[in-house]
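Structure at a glance
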Amino acid sequence: MDWTALGVSLRLGVATLIVLLPIGLWLGHLLATRSFPGKALIEALITVPLVLPPTVLGFYLLVTFGARSPLGQAFASIAGHALPFSFAGLLLASAIANLPFVVQPIQRAFEAIPSGVRDAAACCGLSPWQRFFQIDLPLAWPGVLTAAMLAFAHTLGEFGVVLMVGGNLPGETRTLSIAIYDRMQAFDDRGAGVMAATLLVVAVGTLMLTTTLAGRTTRRG
Amino acid sequence: MADTPLRVGLRQAGPIPLDVAFDCARGDVLAIFGPSGSGKSTILRAIAGLYAPADAIVRTGDRTWSDTAAGVHVPPHQRAVGLVFQDYALFPHLTARGNVLAALGHRPKAERVARADELLAQVHMDGLGDRRPDALSGGERQRVALARAIARDPAVLLLDEPFTAVDRPVRRRLQDEVDALRRRLDVPVILVTHDFDDVVRLSTHVLLLERGRVMASGPIADVMRRADLPWLRDAVGLGAVVDARVAGVDLERGLATLDIGGPALVVPAAGLTPGALVRVRVPAREVILATQAPAGLSLHNVLAGVVTEVHYLPGTSQVIVQVRVGATHLLAEVTGDAVSRLALTVGAPVHALVKSVSIDLHVVS
């Protein structure tokens, strides 16, 4: 059992949520409540990681943030190291790959709130921020929870993008899914089996927790 | 200008055509009546700031909420409006009290809960403050929505089809409560409805709207005595609306007399006390015209008057005749044949015959 790899996976899952949830809430709310030119393009761009092979995503990320690109050089001059094959690079890749998993459930949850309820909140004198925190967020809570859990579970399982962008550095970018592949290559069936079972248990546990919590909030509301 | 509590002027060619302008005074209830799709709700949304027509003026007292020419559009949460939505739009995750509290942000924190309970008590919802909307009946939700609308201490109260989702008996009770409420509030009230019953029971003024345009507007009695509103005739039937005081009650005969400024109007006495203010509606189809006072009739009201207007309804053989009786006007719907047989022209003396039981009546206060 590669405990370090499990640590990297969990750290990546939590960090992805911290980065992605605010973005997902903002984008989901924007897409659910406003219509503006270019909305269809933004929705398509958010969804595209869902249908693209992870290798294609990884390829473009490497091109965009590689040592030879302006963005990559800018990052290297600030952080002191290149983005690819680092935890930060992995996090960026994970955030982009998980965007659809976070934005879509949140957007649907905000869309399910009748527009009259939002109008009523405005007529009650609630400012846009107060409306968001007192009305929108509590009502969309099950959707937000689903989004968070989906993204977390999906991050743990991500393989292709991680391998392309992060490589296989122990303690830095070697996640549990990479470690399983590693063990299989080394004919360590037992090691791979233990880690695969660990991932399975964590994934099932996460999804069960989501269903339970979402069910409870729905019944309460 | 500062004396006009609410001044509204809205105009745009599309997508929802609008061309309306009106004032509403403190304590007045302006009913906007028209078929669905005529733009009624849009007018309310524009006043609340939820919708911005191409050309809009909305002023309350000395404050300007909308003035497109000057580039002014105050966002809805900064307008002191109370809006009761058609489907109530209560916050489903908050209790009845929570819903009212949400609109009390302008009050000091310490007094909000007490104020919320006071408002709930005003709409007869005391003891139900801890219930969520899904545990309330339609009428109760409506009351919470009303309490929430008043909670903001609004400068204008807007009611958008407030009674559509409740059945008739509850509707009557709610109408009475809204009536009592607006007398206490003393703010301009705009009521949007497609139910004529709401108009007759609640409004002081009427604005008839069709496809965004004003067909008629003014005090209810002035609009309802007009003979030239074929659209209103097709929708609900024409009929004069008169506010009157009960002059006397004869319990033995079961009749009451109403003072309408001229000959007395006789109506069934049920529930009436002398001095009470009542509003009556005399349906035009229930009024018979005669050139001479007939004898040996079962009906009580033979009112001598003068023809003041004869209006031929286009596309029909029906004619609307307006008759001045004392200080008020009644409408009678008769056939064109009757008009020529009786030689009913403007200025002709005539008797209006009205069965006492055909008069719609309700006590105002």
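That block above? That's the structure.
Residues numbered from 1 in each chain as written. Chains lettered and ligands numbered in written order. Predicted model: local features only at pLDDT ≥ 70, side-chain atom pairs only at ≥ 80, totals over all residues. Heavy atoms only, no water.

1. Side note on the sheet that holds strand E20 (residues 349-354) of chain B
Residues and elements named next belong to chain B. In spatial order, the strands read E16-E20-E17-E18-E19; together these five strands make up an open sheet with antiparallel pairing. Each edge of the sheet is formed by a strand with only one pairing partner; in this case those strands are strand E16 (287-290) and strand E19 (328-335). The sheet shows a mean angle of 45° between the axes of neighbouring strands, direction not considered. With eight bridges joining them, strand E18 (residues 318-325) and E19 adopt antiparallel strand pairing. Bridging from a neighbouring strand, valine 325 pairs with threonine 328 of E19. (Pairing = 2+ DSSP bridges. Helix = DSSP H or I, 4+ residues; strand = E, 2+ residues; numbered from the N terminus. Axes fitted to C-alpha atoms, helices over the stretch in contact; angles between N-to-C directions.)

2. What about the layout of surface pockets?
Residues and elements named next belong to chain A. If you add up the space inside the largest pocket, you get close to 710 Å³. What lines the largest pocket is a set of 21 residues, and nearest its centre among them are His29, Thr33, Arg34, Arg118 and Arg131. At the level of secondary structure, the elements contributing two or more residues to the lining of the largest pocket comprise helix H1 (3-33), helix H6 (115-123) and helix H7 (128-157). A breakdown of the residues in the lining of the largest pocket according to their chemical character gives eleven nonpolar, four polar and six charged. (1 Å grid on protein atoms, 1.4 Å probe; cavity = no way out; pocket = protein on both sides within 12 Å on 5 of 7 lines; lining within 4 Å. Points joined across faces, edges and corners; volume = space filled by probe spheres on them. Nonpolar A, V, L, I, M, F, W, Y, C, P; charged D, E, K, R; others polar.)

3. Remarks on the sheet that holds strand E14 (residues 265-268) of chain B
As a general point, the strands of a sheet are linked pairwise by backbone hydrogen bonds and lie either parallel or antiparallel. Residues and elements named next belong to chain B. Spatially, E14-E13-E12-E15-E21 is the arrangement adopted by the five strands of the open sheet, whose pairing is antiparallel. Because the sheet does not close on itself, it has two edges, and the strands there are E14 and strand E21 (360-363). Strand-to-strand twist across the sheet, computed as the mean angle between neighbouring axes with direction ignored, equals 40°. For strand E15 (residues 277-283) and E21, the ladder comprises four bridges, and the chain directions are antiparallel. Counterpart to arginine 279 in the pairing with E21 is histidine 362.

4. Digging into the pairing of strand E9 (residues 189-193) of chain B
Residue and element names in this part refer to chain B. With five of five residues buried, E9 is to be regarded as a mostly interior element. Of the two faces of E9, the one lined by Val189, Leu191 and Thr193 and the one lined by Ile190 and Val192 are each fully buried. Sheet topology note: the strand E3 (residues 29-33)/E9 ladder contains five bridges and is parallel. Each bridged residue has a counterpart across the sheet, and for phenylalanine 33 the counterpart in E9 is threonine 193. Of the strand pairs in this sheet, strand E8 (residues 156-160) and E9 are connected by four bridges, and their pairing is parallel. (Buried < 20%, exposed > 50% of the residue type's maximum accessible area, 1.4 Å probe, protein only.)

5. As for the packing of aromatic side chains
Residues and elements named next belong to chain A. With the rule as written, the count across this model stands at five aromatic pairs over all chains. Ring geometry for phenylalanine 132 against phenylalanine 133: centres 5.2 Å apart, planes inclined by 85°, an arrangement best described as edge-to-face. Of the aromatic side chains, those joined through ring pairs into one cluster are Phe110, Trp129, Phe132 and Phe133. Against the face of phenylalanine 87 rests arginine 11, its NZ or CZ located 4.5 Å from the ring centre. (Phe/Tyr/Trp six-rings, centres within 6.5 Å; stacked < 30°, edge-to-face > 60°. Lys NZ or Arg CZ within 6 Å of the ring centre and 35° of its normal.)

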